[in-house]
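# Structural overview for review
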Amino acid sequence: MKRILVVGSGISGLTTAIECAYRGMKAILVSPFPSERSQSVLAAGGINAVLDHKGEQDSVEAHIEDTLKGGCYIAGDQAVTGLCKAAPEILEWLEQLGTVFTRMEDGKIDQRAFGGQSRRRTCYCGASTGKQIVTALVMEARRFEAQGLIERRLWTDFHSALIRDGVCYGARFYNEAARTLDDITADAVVMAVGGQNALFGKTTGATQCDGYAAGKLFLQGVELKNLEFIQYHPTTIMTGQKKMLISEAARGEGGRLYYEDNGNRVYFMEERFGERGNLMPRDVVSGTMYEMNRQIWLDVSFLGKKKIMERIPEVYELCLKYRGLDITKESIPVEPSVHFFMGGLAVNLLHETNIKHLYAVGECASMYHGANRLGGNSLLAAVYSGRVAARAISEEEPVSENAIPDFSSGLEEDTRSLQAGFGSKSKFSVVYVKNMLAELMQKHMGIVRDEADLEQGIADTSYLLDISDQLKYDSSELPYFNYSAKGILALGKAALISAKSRQETRGAHVRRDYPETKDDYGAATIISYSDGVFKTRLDKEGRYES
């Protein structure tokens, strides 16, 4: 029986494991926390599928076109077509597993408008779509756990992949309970570790998704893609701990953005883009808000308390709890914040990286979103990509145990390295450097960038990366927090270099010094690492289907 190692247990990881079990393979699901604590549970908005329950003549072709247009036509046609065609059946499957979708009076699943979409096609579960889907998938996974086809290993942190001569044979992990590094070999490894939130400090996402896995794999020879495309969600509020998302559902229900000028409200999105201006793609809304250079407000009070409590109760509760705002009477002060990463591990149509037997799914894989993601497509891509990877793996020949190289010497070396950090006499601690990196990424990889900013960011991250092997570990932190610094620093530098190399404005990548979109850059940015050298290229040959 094939053994498939799945790293990460959110929606994409759970789907991968379940699909492996459907196909008679054993999935080892490894994560530092239970699925119920994954970032997936934070997804409130919804999941896209063409059902046309609103009678707007929606079609799969329209969904495909909206996705390609939103991504500024650098997401692959073939990949996006597969995603959108599979959506209705995926929704049916999730419903069969027990996902409770919000319904209209006629009993059909309700659908609402989301930014960048020409039709109302976003299905949702009240205020907790991600949580509902995770719950349904967890119950299905438990069924296979009882059969021995899914094995969970919690409180376990990714350290590195076991790669030899361009082939992946498993991964190395830090076991929090035993405080040891352990190797797990497998016929294939699937990375499902989410985005890169901690790279930017306070964002809308979970800080446990820190980008380390992508950075470490990059240092091990795995190519990355489209790191310059970082989605800023236009409507967030600041709290003491993080940026809290004001769901796009608030604007989908009719919420209006404005600023005040001499006591008068200026509905700038509507003035510039017409009636549906508040539901333009997220890069357009965030960029326009940045351009205004003043406090922006979101008003939903005119909807009335009854509709607010029925349609967007989570927004009401969030604003009341964290800001003391009653949105039935007051407007919400909002600002753009880092929200989603279109870039990540470069994968082909089967979700395999340039390393054989190493796959990536969900937000950590760059495939369907091009230069900017449509709201509602992330949950869809999480499920779809997990299925695609599992089905591809099921067609592969299993790895012979005799073919697995001996990685024991590397294990001993990594263990010594881990222990050495606690004896470092460096004045720089890991905590200090990680906080410094977040500050410089926020400063140099903001909504609008230019050559000078990016050059300075590259110089700063280069210095931090150069001293990363001498950093002082903090004994109060888990070893994972300490050893992950170098990988995160490498990812930050790779993102800055990718942004510098794309000398145009496209989607979520805005250059004030190159404001036009150029045909020459109509392809994905690929960045690779070898012997200390970062190298970028445009994927015009279509290896990664975008």
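Each remark here, short or long, concerns the structure printed above.
First things first, this report covers the structure right here in the doc. (Residues numbered from 1 in each chain as written. Predicted model: local features only at pLDDT ≥ 70, side-chain atom pairs only at ≥ 80, totals over all residues. Heavy atoms only, no water.)

### What about the overall build of the protein?
Each helix and strand counted, the protein has 16 helices and 24 strands in total. Expected size for 546 residues packed as a compact globule is a radius of gyration near 24 Å; at 23 Å, the protein falls within 12% of this value. Over its C-alpha atoms, taken along the principal directions, the protein stretches across nearly 70 × 50 × 45 Å. Out of the 546 residues in the protein, the part that is buried amounts to 59%. The contacts in the protein between residues at least 6 apart in sequence include a share of 72% that link residues at least 24 apart. Here the protein has roughly 21,400 Å² of accessible surface; of this, 47% comes from carbon and sulfur atoms. Of note, the protein has its 64 positive side-chain charges centred 3 Å away from the centre of its 72 negative side-chain charges. (Helix = DSSP H or I, 4+ residues; strand = E, 2+ residues; numbered from the N terminus. Rg over C-alpha atoms; globule rule 2.2 N^0.38 Å. Buried < 20%, exposed > 50% of the residue type's maximum accessible area, 1.4 Å probe, protein only. Contact = heavy atoms within 4.5 Å. Areas by Shrake-Rupley, 256 points an atom, 1.4 Å probe, with all protein chains shown as cover. Lys, Arg positive; Asp, Glu negative; His and termini not counted. Charge placed at Lys NZ, Arg CZ, Asp CG, Glu CD.)

### Description of the state of the cysteines
Tallied over the full model, the rule gives zero disulfides. Its sulfur unpaired, Cys 84 is 13 Å from the next cysteine sulfur, which belongs to Cys 123. Here Cys 125 stays free of any disulfide, with the sulfur of Cys 123 as its closest cysteine sulfur at 8.7 Å. Note on Cys 125: relative accessible area 4%, which makes it buried. (Disulfide = S-S within 2.5 Å.)

### Quick word on the sheet that holds strand 6 (residues 150–153)
Taken together, five strands build an open sheet; the order of strands is 6-2-1-10-19 and the sheet is parallel. Pairing within the sheet leaves two strands with one partner each, and these edge strands are strand 6 and strand 19 (358–360). Strand after strand, the sheet turns through a mean of 20 degrees between neighbouring axes, direction not considered. Of the pairings in the sheet, the one linking strand 1 (residues 3–7) to strand 2 (residues 26–30) comprises five bridges and is parallel in character. (Pairing = 2+ DSSP bridges. Axes fitted to C-alpha atoms, helices over the stretch in contact; angles between N-to-C directions.)

### Brief notes about the pattern of salt bridges
For the coordinates displayed, the defined rule picks out 34 salt bridges. The salt bridge partner of Asp 58 is Arg 121, with a shortest N-O separation of 2.8 Å. With Asp 58 in the loop between strand 3 (47–48) and helix 2 (60–70) and Arg 121 in the loop between strand 4 (111–112) and strand 5 (122–123), this pair connects stretches of sequence that are 63 residues apart. Grouping residues by exposure puts Asp 58 and Arg 121 together as buried. (Salt bridge = Lys/Arg side-chain N within 4 Å of Asp/Glu carboxyl O.)

### Quick notes on the packing of helix 1 (residues 11–22) against helix 11 (residues 377–394)
The geometry of helix 1 relative to helix 11 is characterised by a closest axis approach of 8 Å and an angle of 35 degrees between their N-to-C directions. The hand of the helix 1/helix 11 crossing is right-handed. Contacts between helix 1 and helix 11 pair Ile 11, Ser 12, Thr 15, Thr 16, Glu 19 and Cys 20 from the former with Leu 379, Ala 382, Val 383, Gly 386, Arg 387, Ala 390 and Arg 391 from the latter. Each residue belonging to the contact of helix 1 with helix 11 can be placed in one class, and the counts come to six nonpolar, four polar and three charged. (Left-handed = near helix turned anticlockwise from the far one by under 90°. Nonpolar A, V, L, I, M, F, W, Y, C, P; charged D, E, K, R; others polar.)

### Re helix 3 (residues 77–96)
With 20 residues, helix 3 extends 29 Å from end C-alpha to end C-alpha; this agrees with the ideal 28 Å at 1.5 Å per step. Along helix 3, the largest kink reaches about 45 degrees and is centred on Ala 87; proline Pro 88 follows within four residues of it. Those residues of helix 3 not exposed but buried are Ala 79, Val 80, Leu 83, Cys 84, Ala 86, Ala 87, Ile 90, Leu 91, Trp 93 and Leu 94. Along its buried surface, helix 3 packs onto helix 1, strand 3, helix 2, strand 5, helix 4 (129–147) and helix 11. Gly 98 sits one or two positions beyond helix 3 and adopts a positive phi of about 115 degrees. (Expected span 1.5 Å × (residues − 1). Bend = angle between axes of the 7 residues up to and from the residue.)

### Here's the deal with the packing of aromatic side chains
In this description, a pair of aromatic rings is defined by centroid distance and the angle of the planes. Scanning the entire structure with this criterion turns up 17 aromatic pairs. Both rings, one in Tyr 22 and one in Trp 93, keep their centres 6.5 Å apart while their planes meet at 80 degrees; by these two values the pair is edge-to-face. Taken as a pair, Tyr 22 in helix 1 and Trp 93 in helix 3 lie far apart in primary sequence, 71 residues in all. When the centroid spacing of 5.4 Å and the interplanar angle of 45 degrees are considered together, the rings of Phe 218 and Phe 534 count as tilted. Of this pair, Phe 218 sits in helix 5 (residues 212–219) while Phe 534 sits in strand 24 (residues 533–538); the two residues are 316 residues apart in sequence, bridging distant segments of the chain. You can call Phe 534 buried: its relative accessible area is 16%. (Phe/Tyr/Trp six-rings, centres within 6.5 Å; stacked < 30°, edge-to-face > 60°.)

### Quick notes on the packing of helix 1 against helix 4
Here helix 1 crosses helix 4 at 30 degrees, and the two axes come no closer than 10 Å. It follows from the interaxial angle that helix 1 and helix 4 lie roughly parallel. When you trace helix 1 past helix 4, the crossing you get is left-handed. Of the residues in helix 4, those touching helix 1 at Ile 11, Leu 14, Thr 15, Ile 18, Ala 21 and Tyr 22 are Gly 130, Ile 133, Val 134, Leu 137, Val 138, Glu 140, Ala 141, Arg 143 and Phe 144. Residues belonging to the contact of helix 1 with helix 4 are distributed by class as follows: eleven nonpolar, two polar and two charged. (Parallel < 35°, antiparallel > 145°, perpendicular 65-115°, else oblique.)

### Points about the nonpolar core
Among the nonpolar cores identified, the biggest contains 121 residues, and Leu 5 and Met 191 are the most heavily contacted of them. For this core, the element with the highest residue contribution is helix 11, accounting for eleven residues. In this structure, Ile 246, Val 266, Leu 303 and Ile 332 belong to the second largest nonpolar core, which totals 28 residues. (Core = buried A, V, L, I, M, F, W, Y, C linked by side-chain atoms within 4.5 Å.)

### Quick word on helix 11
The end-to-end C-alpha distance of helix 11, which contains 18 residues, comes to 26 Å, matching closely the 26 Å that a straight helix rising 1.5 Å per residue would cover. The element helix 11 is largely enclosed, with a buried count of 15 among its 18 residues.

### Description of empty space enclosed by the protein
To find leftover empty space, a probe the size of one water molecule is rolled over the atoms. Inspection of the entire model under this criterion finds one cavity of 30 Å³ or more. Size it by volume and the largest cavity reaches roughly 80 Å³. The wall of the largest cavity is formed by Ile 230, Gln 231, Tyr 232, Arg 282, Asp 283, Ser 286, Gly 287, Asn 372, Ile 447, Gly 507, Ala 508 and Val 510. Elements supplying a minimum of two residues to the lining of the largest cavity: strand 12 (230–238) and helix 8 (282–292). Sorting elements by how many residues they give to the lining of the largest cavity places helix 8 first, with four residues. Residues that form the lining of the largest cavity fall into these classes: five nonpolar, five polar and two charged. (1 Å grid on protein atoms, 1.4 Å probe; cavity = no way out; pocket = protein on both sides within 12 Å on 5 of 7 lines; lining within 4 Å. Points joined across faces, edges and corners; volume = space filled by probe spheres on them.)

### Some thoughts on the sheet that holds strand 9 (residues 180–185)
Ordered by their spatial adjacency, three strands build an open sheet running 7-8-9, and the pairing between neighbours is antiparallel. Every other strand in the sheet has two partners, leaving strand 7 (156–164) and strand 9 as the edge strands with one partner each. Strand-to-strand twist across the sheet, computed as the mean angle between neighbouring axes with direction ignored, equals 30 degrees. Two strands pair when backbone bridges link them, and strand 7 and strand 8 (residues 167–175) are joined in this way by eight bridges, in the antiparallel orientation. Directly across from Asp 157, in strand 8, lies its bridge partner Tyr 174. Along the sheet, helix 12 (residues 408–420) makes contact with strand 7, strand 8 and strand 9, crossing strand 9 at roughly 150 degrees.

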